[in-house]
Amino acid sequence: MLGPNATMLNTTAEDIFLYPGANTSSLPPPATLTSLLASLLPSLDYSQLLYQPQCPGWVPLNHVYYQVSNLFLLLSSMAPNSPGGFLFLRAMLVVSSSFCTVWGCHVACGVDITGWSSILAVVNMAWCVQTVWRGRTVSLSQEMEGVYQQIFQHLKVTRRQFKTLLSVSKEIRKLSPKERVIEEKLSRVDSLSLVLTGRLLVSQAGRALHLVTQNQFLDSPEWFGVTTDEYFQVTVTALEECSILVWHRDKIKFVIMEDPFLQTVLEHVIGRDVVRKLMQVHNINEELNIHKSGVLENGDNLSIDEDKEDDDDKKPMITKESTKDTSLMGTILGKILNRI
């Protein structure tokens, strides 16, 4: 048994692990706590539970299980701050706790070491399983897969986040040619619609504004600063067979509020869509101004020219060749107006 002035020179390995009994400066465990624990597990020794030993010197190194356990504990502290890093941290803690459990059971022979290490191993294993389950590949339909890859994938939106958006979608609506999906001053601004296939014309008071094509939003300008109690100021008409994905505005706004990153990305995508529409409207206005100036010039030339035959009066002032627009927008709008 070690005395108060003992050193490592006159002690054996067995003496190092023996704790002083009668000659000790520590307080014995309270009788109440001791009796309570003894009644729960009478086969265990509680004499060292509240014991405060005086360290006589360094003990021999512990078993290799203990060393490996702490090595993996050290590796877990090096995990990066990312979803993969979180999984790495939990996996390292599982391995560390498992080795500590083996060491406590077969080497240290400590019930408390084995118990606590086992609990830590089980808890971290549960976190690993949950992380792997949540990170599994989310299956999407072919149509939704195209939308995800074209719009959201390059913005670092995960498939699970995109699946969250789809979970609150209202419907996939099919439209026939010349069907109006939005009526000017009649339809409420209570939805957000994304074109999956087809083309639609947006007009106001009978005047064409712009086209909406695949992977573009129908009502993106109304997303910012317009409430669901207001009405659309434009009419949207399908030019061909179309399909659109429709969300309820209030539901999708409530969902993205729970994910700030997803909210930022969605508002960024919708904002870019608004800019694209404004550019189309500006280009159309420029094209119409050019056409109007061409009409006036041709009209002046016809009034000055007095040597033409009378049959020339029956000819249109602007021929098909002169009204032919080289831009895709002008060609499409020309076909649309001819249909109407």
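For the structure, check the block above.
Now for a description of the structure that goes with this document. The shown structure was predicted, so the numbers you read here are calculated from the model rather than taken from an experiment.

## Let's talk about the pairing of strand S5 (residues 207–212)
Taken residue by residue, a regular strand's side chains alternate between the two faces of the sheet.
Thinking step 1. Most of S5 sits out of view: 5 of its 6 residues are buried.
Thinking step 2. Here strand S4 (residues 200–204) pairs with S5 via 5 bridges, running antiparallel. Paired with Leu201 across the strands is Leu211, a residue of S5.
Thinking step 3. Linking S4 to S5, which pair antiparallel, is a turn of 2 residues; within it Ala205 sits at a positive phi near 55°.

## What to know about the pairing of strand S7 (residues 242–248)
Thinking step 1. With 6 of its 7 residues buried, S7 lies for the most part within the structure.
Thinking step 2. Relative to S7, strand S1 (residues 169–175) runs antiparallel, the two being bridged by 6 bridges. Bridging across to S7, Arg173 finds its partner in Ile244.
Thinking step 3. Relative to S7, strand S3 (residues 191–197) runs antiparallel, the two being bridged by 6 bridges. Its bridge partner lying in S7, Leu192 is registered against Trp247.

## Notes on the packing of helix H6 (residues 142–152) against helix H7 (residues 159–167)
Thinking step 1. It is at 11 Å that the axes of H6 and H7 come closest, and there the two elements cross at 115°. The hand of the H6/H7 crossing is right-handed. Facing H6, whose interface residues are Met144, Glu145, Val147, Tyr148 and Phe152, H7 presents Arg159, Phe162, Leu165 and Leu166.
Thinking step 2. Here the contact of H6 with H7 is composed, by residue class, of 7 nonpolar, no polar and 2 charged.

## Section: the environment of Arg272
Thinking step 1. Within the fold, Arg272 resides in helix H9 (residues 260–304).
Thinking step 2. Overall, the relative accessible area of 46% leaves Arg272 in the partly exposed class.
Thinking step 3. Through-space distance from the C-alpha of Arg272 to that of Ser220 is 9.2 Å; in sequence the pair is 52 residues apart.

## So, the pattern of salt bridges
Thinking step 1. Inspection of the entire model under this criterion finds 6 salt bridges.
Thinking step 2. The residue Arg276 makes a salt bridge to Asp273 at a minimum N-O spacing of 3.1 Å. Of the two residues, Arg276 and Asp273 both sit in helix H9, 3 residues apart, roughly one turn of that helix.
Thinking step 3. Looking at Asp273, the relative accessible area reads 1%, which means it is buried.
Thinking step 4. With a closest N to O distance of 2.3 Å, Lys277 and Asp273 form a salt bridge. With Lys277 and Asp273 both in helix H9 and 4 residues apart, this pair spans about one turn of that helix.

## What about the sheet that holds S5?
Thinking step 1. Read from one edge to the other, the open sheet built from 4 strands follows the order S2-S6-S4-S5, with strand pairing classed as antiparallel. Pairing within the sheet leaves two strands with one partner each, and these edge strands are strand S2 (180–182) and S5. Within the sheet, the average angular offset between the axes of one strand and its neighbour, ignoring direction, is 30°.
Thinking step 2. Alignment of S2 against strand S6 (residues 235–238), held across 2 bridges, turns out to be antiparallel. Looking across to S6, one finds that Arg180 is bridged to Thr237.

## Considerations on a nonpolar patch on the surface
Thinking step 1. Taken together, the side chains of Leu71, Leu74, Leu75, Met78 and Phe88 present a nonpolar region at the surface, about 440 Å² in accessible area.
Thinking step 2. Top element by residues in the nonpolar patch is helix H3 (residues 64–76). It accounts for 3 residues.
Thinking step 3. Among the structural elements, Leu75 can be located in helix H3.
Thinking step 4. Taking relative accessible area as the criterion, Leu75 reaches 30% and is therefore assigned partly exposed.

## With respect to the side chain of Lys277
Thinking step 1. The exposure class assigned to Lys277 is buried, which follows from its relative accessible area of 4%.
Thinking step 2. Side chain to side chain, Lys277 and Asp273 meet in a polar contact 2.3 Å long.
Thinking step 3. Discounting residues that sit within four places of it in the chain, Lys277 has contacts with His210, Val212, Gln216, Phe217, Leu218, Ser220 and Pro221.

## Regarding the nonpolar core
Thinking step 1. Formed by 28 residues in total, the largest nonpolar core has its most connected members in Phe152, Phe162, Leu194, Trp247 and Ile252.
Thinking step 2. Breaking this core down by element, the ones donating at least two residues are H6, H7, S3, S7, helix H8 (249–257) and H9.
Thinking step 3. Not counting residues up to four positions away in its chain, the partners in contact with Leu194 are Val147, Ile151, Asn215, Gln216, Phe217, Ser243, Ile244, Leu245 and Trp247.

Parameters at a glance
- Residues numbered from 1 in each chain as written.
- Predicted model: local features only at pLDDT ≥ 70, side-chain atom pairs only at ≥ 80, totals over all residues.
- Heavy atoms only, no water.
- Buried < 20%, exposed > 50% of the residue type's maximum accessible area, 1.4 Å probe, protein only.
- Helix = DSSP H or I, 4+ residues; strand = E, 2+ residues; numbered from the N terminus.
- Pairing = 2+ DSSP bridges.
- Axes fitted to C-alpha atoms, helices over the stretch in contact; angles between N-to-C directions.
- Left-handed = near helix turned anticlockwise from the far one by under 90°.
- Contact = heavy atoms within 4.5 Å.
- Nonpolar A, V, L, I, M, F, W, Y, C, P; charged D, E, K, R; others polar.
- Salt bridge = Lys/Arg side-chain N within 4 Å of Asp/Glu carboxyl O.
- Patch = residues over 30% accessible without salt bridge, like charges linked within 9 Å, V, L, I, M, F, W, Y side chains within 5 Å.
- Areas by Shrake-Rupley, 256 points an atom, 1.4 Å probe, with all protein chains shown as cover.
- Polar contact = N/O pair within 3.5 Å; in protein donor to acceptor, adjacent residues only side chain to side chain.
- Core = buried A, V, L, I, M, F, W, Y, C linked by side-chain atoms within 4.5 Å.

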